[in-house]
Amino acid sequence: MSTRTDAIERYAHLWEAPSSPHQWVIWTTAGETMVFDRQLNCPEYIDDEPTLQEVLRRMREAGVPESDDYPGHPCARHGSGRT
């Protein structure tokens, strides 16, 4: 049976020291605060609010960057003519 600690530790990769510049950032929008994966260019889904709050706390403690600005890159446009 899974415990709350197990659920939190499942996300340990989000606050452990990366081998490259921060892949994950804490992104605060008008409505919520979430973990954003800059490599995949999308939010990391954490559906349990207490787990999310603990993950965010640990990420902040580890010095993960935090921003109100969109931390990703623009999506490629379909049919842009580039090869």
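Coordinates for the structure precede this section.
Cut-offs applied
Residues numbered from 1 in each chain as written. Predicted model: local features only at pLDDT ≥ 70, side-chain atom pairs only at ≥ 80, totals over all residues. Heavy atoms only, no water. Helix = DSSP H or I, 4+ residues; strand = E, 2+ residues; numbered from the N terminus. Expected span 1.5 Å × (residues − 1). Contact = heavy atoms within 4.5 Å. Phe/Tyr/Trp six-rings, centres within 6.5 Å; stacked < 30°, edge-to-face > 60°. Buried < 20%, exposed > 50% of the residue type's maximum accessible area, 1.4 Å probe, protein only. Polar contact = N/O pair within 3.5 Å; in protein donor to acceptor, adjacent residues only side chain to side chain.

(A) View of helix α2 (residues 49-61). In this model α2 runs 18 Å from its N-terminal to its C-terminal C-alpha over 13 residues, within 8% of the 18 Å that 1.5 Å per residue would give. Considering only its buried residues, α2 is in contact with α1 (4-9), β1 (24-28) and β2 (33-37). Phi for glycine 63, located one or two positions after α2, is positive at around 85 degrees.

(B) Focus on the packing of aromatic side chains. Under the counting rule described, the total for this entry stands at three aromatic pairs. Judged by centre distance (5.5 Å) and plane angle (85 degrees), the rings of tryptophan 27 and phenylalanine 36 are edge-to-face. By relative accessible area, tryptophan 27 is classed as buried at 15%. On the numbers, 5.3 Å between centres and 75 degrees between planes, the contact of phenylalanine 36 with tyrosine 70 is edge-to-face. Residue phenylalanine 36 is located in strand β2, and its partner tyrosine 70 is located in the segment after β4 (66-67); the two are separated by 34 residues in the primary sequence. Among the aromatic residues, those joined into a cluster by ring pairs are Trp27, Phe36 and Tyr70.

(C) Layout of the side chain of asparagine 41. By the secondary structure assignment, asparagine 41 is in the loop between β2 and β3 (42-44). Engagement of the side chain of asparagine 41 in a polar contact is seen with the backbone oxygen of histidine 73, the distance being 2.8 Å. Those residues in contact with asparagine 41, other than ones at most four positions away along the chain, are Phe36, Tyr70, Gly72, His73 and Cys75.

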